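Examination of the molecular architecture
Here is how the chains run, residue by residue.
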Amino acid sequence: MSKEFIDRTIDKLTRNGSITSLFQIAKDNHIIIHEVDIGSGGGYYFYEKRYGVIILNHSLSYYHKLIVLAHEIAHAILHPHEHAHFTSIGIRSNRNENEANYFACRLLDVIGFWENDNLCVYEHELSKADRGFIETYRNYSTP
């Protein structure tokens, strides 16, 4: 899948940036979200009975949940009939994971996640994984 295709898909999902809630994007695309304690993982996605289902780890920080949610929405939209588990962001040999990572980074950019003043104000709440994602985002977003 090309980056241009992913960018166009995100523009459609967000109505060119007018929808800025990941939860609304999920709802609009028939994706069900559940928050549960799943131990050390970030979350996962699976498809069941015409619905995408995202499980988010309840114990994650608010900002980490949004990062994982964006990544799992990517799988729901780009690879709807495949199961996926979020462990960490990064450049992988798995094409689907790299597509989901790029999608998540761009989606978070379009909804204004990276410019959110609260992200900086509550920086002390960001985990090492959150900070790693932000650094990796910089790598994905450079041409």
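Coordinates for the structure precede this section.
Residues numbered from 1 in each chain as written. Predicted model: local features only at pLDDT ≥ 70, side-chain atom pairs only at ≥ 80, totals over all residues. Heavy atoms only, no water.

**Points about helix 3 (residues 62-78)**
Definition in use: Put simply, DSSP marks the helices as runs of H or I at least four residues long and the strands as runs of E at least two long, and each gets a number from the N terminus on. Multiplying one less than the number of residues by 1.5 Å gives the expected span of a helix. For each residue, the accessible area found with a 1.4 Å probe, counting protein chains only, is set against the maximum for its type, and the residue is called buried under 20%, exposed over 50%, and partly exposed in between.
Under the 1.5 Å per step criterion, the end-to-end length of helix 3 is 24 Å for 17 residues, consistent within 8% with the ideal 24 Å. Burial analysis of helix 3 places 15 of its 17 residues in the buried class, which makes it a mostly covered element.

**Observations regarding the pattern of salt bridges**
Condition: Take a side-chain nitrogen of Lys or Arg and a carboxyl oxygen of Asp or Glu: if they are within 4 Å of each other, that pair is a salt bridge.
This model, assessed by the stated rule, comprises 4 salt bridges. Between aspartate 7 and arginine 106 there is a salt bridge, with the nearest N and O atoms lying 3.1 Å from each other. One end of the pair, aspartate 7, is in helix 1 (residues 3-13); the other, arginine 106, is in helix 4 (residues 95-110), with 99 residues separating them in the sequence. A salt bridge links arginine 106 to aspartate 109, with the shortest nitrogen-to-oxygen separation between them at 2.9 Å. Taken together, the positions of arginine 106 and aspartate 109, both in helix 4 and 3 residues apart, correspond to about one turn of that helix. Owing to a relative accessible area of 24%, aspartate 109 belongs among the partly exposed residues under this scheme. Linked by salt bridges that have partners in common, Asp7, Arg106 and Asp109 make up one network.

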